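What the coordinates show
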Amino acid sequence: MGVTMQTREIFTILVLCLLWYIVSSSNNVVGKMLLNDFPYPMTVTMVQLLSITVYSGPFFNMWGIRRFVDISWSYYLKLIIPLAFGKFMASVFTHVSIWKVPVSYAHTVKATMPLFTVVLSRFIIGEKQTVKVYLSLVPIILGVAIATLTELSFDITGLLSALAATLQHSLQNIFSKKVLADTGIHHLRLLHMLGRLSLMLFLPIWMYFDLQHVYNRSILATEERGHILALLFTDGVLNWLQNILAFSVMSLVTSLTYAVASASKRIFVIGASLLILGNPVTLTNMAGMGLAIVGVLSYNKAKYDARESSKRKTVLPFTNESLWKSGSNSIPYRPLENSNGSTIINNNSKLAQFV
């Protein structure tokens, strides 16, 4: 019975990962096609935020996802609103990057996320890393540098937008984990909350920058309106599904497994974009992409090793043997006793009883 359940869970995770890779690749390809014909990244972002807001409520209720938890207004102002602001900023920068440069290059640049995560974690929460973690960043930096120098369709706006999107996603990851830990809110409800709040914050910005341009274009080019609307709708649905699948995989696996799955997804997206969109690429450029991805996988392994080492260091000082050998009397030890005063010896116990 246990083996069957484990096999079923592994099969479920594999299916979800495969669907995640397919949907994410399709979303990036459709997004690139859309932005080539409709160069308004803010409007594409608006449609995606609208999709998250409209589809999530009914779907999550039908799926039985638990409702929102009570969050104070001060907490909203301190963390939730900045997260919502960062969400639409990351989306806008992402769309600008895939509009200006090939999808494969944009995702190679996004492989620098571990670098941003290490730096931000050091300055925001004071987290230090091991030497292995720092060394794993070297192939990421070299790989992105090689890909940048050999990119045939290089554009400085696309590069800076991809880096800005990666920075925003890194901040999102750090503070989203904090919100989930502080509030106990379901991760999919947090996605819905941030999508809805991002939509409200972004609406006036979109109206100021894009509304008039989109309206004028729809009046002047009525023959292509159906094609653009179909791509916008498809992009919105695919983006929403991608978020659902990503959060579902994250809820079922460890953080290391998710990080490896995410890196593998990036390989899948790069390969699919090269195959379907057919943007020109050199062997050196592909080697740079590959080196960056290998660096991401090395970073994930180094982080896992650091966590396991930290766990061992936490447990070992509290064993009986360590205290006896050190001769420490800072914490008195008293063996368990029966009511008649005889000592109970439990060979299976890993920790002593301290009073």
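Per chain, residues are indexed from 1 in the order of the written sequence. A pLDDT threshold of at least 70 governs which residues receive local features in this predicted model, and a stricter bar of 80 or more applies before side-chain atom pairs are shown or counted, although totals over entire chains, interfaces and linings include all residues. The basis for the side-chain values is all heavy atoms of the structure; hydrogens and waters are excluded.

A few words on the overall build of the protein. Only DSSP runs of H or I covering at least 4 residues are called helices, and only runs of E covering at least 2 are called strands; the numbering of each starts at the N terminus. Within the protein one finds 13 helices and zero strands. From first element to last, N terminus to C terminus, the protein shows the α and β order α-α-α-α-α-α-α-α-α-α-α-α-α.

What follows covers the nonpolar core. In this text, buried Ala, Val, Leu, Ile, Met, Phe, Trp, Tyr and Cys residues form a nonpolar core when linked through side-chain atoms within 4.5 Å. Accessibility here uses a 1.4 Å probe with only protein chains present; expressed as a share of the type maximum, an area under 20% marks a residue as buried, one over 50% as exposed, and anything in between as partly exposed. If you look at the biggest cluster of nonpolar residues, it comprises 43 residues, and the most contacted ones within it are Trp 20, Leu 34, Phe 38 and Val 249. Of all the elements in the fold, those that place two or more residues in this core are α1 (2-37), α4 (103-109), α6 (131-149), α7 (156-183), α10 (225-252), α11 (255-277) and α12 (283-315). For this core, the leading source of residues is α1, giving nine residues. Other than its neighbours up to four places away in sequence, Trp 20 contacts Gln 242, Leu 245, Ala 246, Val 249, Tyr 258, Ala 261, Ser 262 and Lys 265. The contact criterion used throughout is that any non-hydrogen atoms of two residues lie within 4.5 Å.

A separate point is the pattern of salt bridges. Salt bridge, as used here, is a side-chain nitrogen of Lys or Arg placed within 4 Å of a carboxyl oxygen of Asp or Glu. All chains considered together, the criterion is met by four salt bridges. In this structure, Lys 303 and Glu 127 form a salt bridge, with 3.3 Å as the shortest nitrogen-oxygen distance. One end of the pair, Lys 303, is in helix α12; the other, Glu 127, is in the loop between α5 (113-124) and α6, and 176 residues separate them in sequence. For Lys 303, a relative accessible area of 14% puts it in the buried group. What makes Glu 127 partly exposed here is its relative accessible area of 29%. Ionic pairing is found between Asp 182 and Lys 178, a salt bridge with its closest N-O pair at 3.1 Å. Here Lys 178 and Asp 182 lie together in helix α7, a separation of four residues that amounts to about one turn. The exposure class of Lys 178 is partly exposed, given its relative accessible area of 36%. The network of salt bridges with common partners includes Lys 132, Lys 301 and Asp 305.

Inspection of the secondary structure puts Ile 141 in helix α6. C-alpha of Ile 141 to C-alpha of Val 109: the two residues are 32 residues apart in sequence and 9.3 Å apart in space.

All right, on to the side chain of Thr 45 then. On the secondary structure map, Thr 45 appears in helix α2 (residues 41-63). Residue Thr 45 is classed as buried on the basis of its relative accessible area, which comes to 0%.

Attention now goes to helix α3 (residues 73-100). Expected span, for any helix, means 1.5 Å times one less than how many residues it has. The terminal C-alpha atoms of α3 lie 39 Å apart, and with 28 residues this matches the ideal 40 Å at 1.5 Å per residue to within 8%. Along α3, the sharpest change in direction is near 35° and occurs at Ile 80; proline Pro 82 comes one to four residues later. Here the bend at a residue is taken as the angle between two axes, fitted respectively to the seven residues that end there and the seven that start there.

So, about a nonpolar patch on the surface. Distance thresholds for patches are 9 Å for like charges and 5 Å for nonpolar side chains (Val, Leu, Ile, Met, Phe, Trp, Tyr), applied to residues having over 30% relative accessible area and no salt bridge. Using the Shrake-Rupley algorithm and a 1.4 Å probe, accessible areas are obtained, with residue cover drawn only from the displayed protein chains. Together, Val 131, Leu 135, Val 138, Leu 142 and Ile 146 make up an exposed nonpolar region whose accessible area comes to about 440 Å². Structurally, the position occupied by Val 131 is in helix α6.

This brings us to the packing of α2 against helix α8 (residues 187-209). Only the contacting stretch of a helix is used when fitting its axis, a line to C-alpha atoms as for every element, and angles between N-to-C directions run 0 to 180 degrees. Contact geometry of α2 with α8 gives a least axis separation of 8 Å together with a crossing angle of 150°. Relative to α8, α2 is oriented roughly antiparallel. The crossing of α2 and α8 is left-handed. For this classification, under 35 degrees means roughly parallel, over 145 means roughly antiparallel, 65 to 115 means roughly perpendicular, and everything else is oblique. For any helix crossing, the convention is left-handed if the near helix is rotated counterclockwise from the far helix by under a right angle, and right-handed if that rotation is clockwise.

When the terminal C-alpha atoms of α2 are compared, their 32 Å separation across 23 residues agrees well with the 33 Å that a helix rising 1.5 Å per residue should span. Ser 56 marks where α2 bends most, by close to 35°; the proline Pro 58 follows one to four residues later. A positive phi of about 80° marks Gly 64, the residue just after α2.

This paragraph deals with the packing of α5 against α6. Across the interface, α5 lies against α6 with an axial gap of 9 Å and an inter-helix angle of 140°. In terms of orientation, α5 lies oblique with respect to α6. Classified by chirality, the crossing of α6 by α5 is left-handed. Contacts between α5 and α6 involve Pro 114, Leu 115 and Val 118 on the former and, on the latter, Val 133, Tyr 134, Leu 137, Ile 140 and Ile 141. Split into classes, the residues belonging to the contact of α5 with α6 amount to eight nonpolar, no polar and no charged. Asp, Glu, Lys and Arg are counted as charged, while Ala, Val, Leu, Ile, Met, Phe, Trp, Tyr, Cys and Pro are counted as nonpolar; the rest, among them Gly, fall into the polar class.

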